[in-house]
Amino acid sequence: MTHSTLNKIDMLIIPAIDIREKKVVRLWQGDFDKATVYADNPLEMAVFWQEEGARFLHLVDLDGALDGRPQNLDTIKDISSSLNIPVQAGGGLREEKDIADLLASGVRRVVLGTRACEDRDWVKNLVNRFPEKIVISLDIKDGFLVSRGWQTKTSIRPEDFTRDMKEAGVELFIITDVSRDGTMFGSDTGYISDFLSSVPVKLIIAGGIGSLEDIEKLKTLEAKGLSGVIVGRALYEKKFTLKEAMKIANQK
């Protein structure tokens, strides 16, 4: 599947595989002490989602995000090389060599957060070296970005940061409301709509998706630039199936 083909696909429903201690888990509001284990084998889970019809997967190295350097690169590489669908991966990616390593292994896109907040020139250089491969994660809590595995609150407003990253050449962003992540309380559609009006970008949303109604509400923002929805706990707890969510996402 080529990048140009992906651009023609309707709003993507992207299953999340968050990896901690070699298992598939979900956190509650970003709290590492509140992790639920859903599977013992991330690769088997990735294959399952591919068989269910997923067109893209979102992989997170939670150990890496917390430690500040990747801890599950081999697992991510195994998943990427074993699937016929593309994956994006993030968590602790703060060195160019690790990013280059993942991309060389077949990972389609890398997701950057902490170092992007701290070193914007670094991001610009990466975008120049790896065009269309760099995704910026906007992890938000109480109106500001958080970093370092969601443990550190910054004074950076997401709209200002997004404008800077857009000027640096970044084309795709993932926005996560940390206070909603893993809760299935629903996403703040109004905030996302206002955000896209303020900063027109291509955006994927994560955090809080709990029902098909949430998917329907987000589908209305597709025309404003919402190109994907990352879903975790709701899929693992069978609140709806991937096929049901994709049917809504693909409606004209």
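See the structure printed just above.
I will try to describe carefully the structure that is included in this document.

Cut-offs applied
- Residues numbered from 1 in each chain as written.
- Predicted model: local features only at pLDDT ≥ 70, side-chain atom pairs only at ≥ 80, totals over all residues.
- Heavy atoms only, no water.
- Helix = DSSP H or I, 4+ residues; strand = E, 2+ residues; numbered from the N terminus.
- Rg over C-alpha atoms; globule rule 2.2 N^0.38 Å.
- Contact = heavy atoms within 4.5 Å.
- Areas by Shrake-Rupley, 256 points an atom, 1.4 Å probe, with all protein chains shown as cover.
- Buried < 20%, exposed > 50% of the residue type's maximum accessible area, 1.4 Å probe, protein only.
- Polar contact = N/O pair within 3.5 Å; in protein donor to acceptor, adjacent residues only side chain to side chain.
- Salt bridge = Lys/Arg side-chain N within 4 Å of Asp/Glu carboxyl O.
- Arc of directions from axis to C-beta.
- Pairing = 2+ DSSP bridges.
- Right-handed = clockwise from strand over helix to strand, strands pointing away.

**Let's talk about the overall build of the chain**
Part 1 of the reasoning: Helix and strand counts for the chain stand at 12 helices and 12 strands.
Part 2 of the reasoning: Computed over its C-alpha atoms, the radius of gyration of the chain comes to 16 Å, within 12% of the 18 Å expected for a compact globule of 252 residues.
Part 3 of the reasoning: Along the first, second and third principal axes, the C-alpha atoms of the chain reach 40 × 40 × 40 Å.
Part 4 of the reasoning: Pairs at least 24 apart in sequence give 68% of the contacts found in the chain among residues at least 6 apart.
Part 5 of the reasoning: By element, 45% of the accessible surface of the chain is carried by carbon and sulfur atoms, the whole surface being about 11000 Å².

**Quick word on the environment of Asn 41**
Part 1 of the reasoning: Turning to its location among the elements, Asn 41 is positioned in the loop between β3 (31–39) and α2 (42–51).
Part 2 of the reasoning: The class of Asn 41 is partly exposed, set by a relative accessible area of 29%.
Part 3 of the reasoning: Residues Asn 41 and Val 24 lie 17 residues apart in sequence; the distance between their C-alpha atoms is 6.8 Å.
Part 4 of the reasoning: Engagement of the side chain of Asn 41 in a polar contact is seen with the backbone nitrogen of Leu 43, the distance being 3.0 Å.
Part 5 of the reasoning: At 3.0 Å, the side chain of Asn 41 forms a polar contact with the backbone nitrogen of Glu 44.

**Re the pattern of salt bridges**
Part 1 of the reasoning: By the definition in use, this model includes 14 salt bridges.
Part 2 of the reasoning: The closest approach of N and O atoms between Arg 180 and Asp 177, which form a salt bridge, is 3.1 Å.
Part 3 of the reasoning: The salt bridge involving Lys 219 is made with Glu 222; its shortest N-O contact spans 2.6 Å.
Part 4 of the reasoning: In this structure Lys 219 comes out as buried when scored by relative accessible area, which is 13%.
Part 5 of the reasoning: Residues joined in a network through salt bridges with shared partners are Glu 95, Arg 115 and Asp 119.

**Description of unusual backbone geometry**
Part 1 of the reasoning: The backbone phi angle of Met 184 is positive, close to 60°, even though this residue is not glycine.
Part 2 of the reasoning: By the secondary structure assignment, Met 184 is in the loop between β10 (172–177) and α9 (189–198).
Part 3 of the reasoning: Here Met 184 falls in the partly exposed class, since its relative accessible area comes to 21%.
Part 4 of the reasoning: Its identity is not glycine, yet Lys 238 carries a phi of approximately 60°, on the positive side.
Part 5 of the reasoning: Relative to the elements of secondary structure, Lys 238 occurs in the loop between α11 (233–236) and α12 (242–249).
Part 6 of the reasoning: A residue is classified by how much of its surface remains accessible, and Lys 238, at 70% relative accessible area, is exposed.

**A look at α12**
Part 1 of the reasoning: Of all the residues in α12, the buried ones are Leu 242, Ala 245, Met 246, Ile 248 and Ala 249. On an axial view of α12, the arc spanned by its buried residues comes to 160°, and they lie on one face.

**What about the pairing of strand β6 (residues 109–112)?**
Part 1 of the reasoning: Side chains of β6 alternate between two faces, with Arg 109 and Val 111 and Val 110 and Leu 112 buried alike.
Part 2 of the reasoning: The pairing of strand β5 (residues 87–90) with β6 spans three bridges and is parallel. From the neighbouring strand, Gln 88 faces β6, where its bridge partner is Arg 109.
Part 3 of the reasoning: Each parallel crossover has a hand, and the one from β5 via helix α5 (residues 96–104) to β6 is right-handed.
Part 4 of the reasoning: Note: β6 against strand β7 (residues 134–141), three bridges, orientation parallel. When the sheet's bridge partners are listed, Leu 112 is paired in β7 with Ile 136.

**Brief notes about the pairing of β3**
Part 1 of the reasoning: Here strand β2 (residues 23–28) runs beside β3; their pairing, made up of five bridges, is antiparallel. Each residue of the ladder has a partner; that of Arg 26, found in β3, is Thr 36.
Part 2 of the reasoning: Here β2 folds back onto β3 in antiparallel fashion, the turn holding two residues, of which Gln 29 has a positive phi close to 55°.

**Regarding the side chain of Ser 187**
Part 1 of the reasoning: In this fold, Ser 187 is placed in the loop between β10 and α9.
Part 2 of the reasoning: Ser 187 has contacts with Arg 180, Ile 205, Gly 207, Gly 208, Ile 209, Asp 214 and Leu 218, leaving out every residue within four places of it along the chain.

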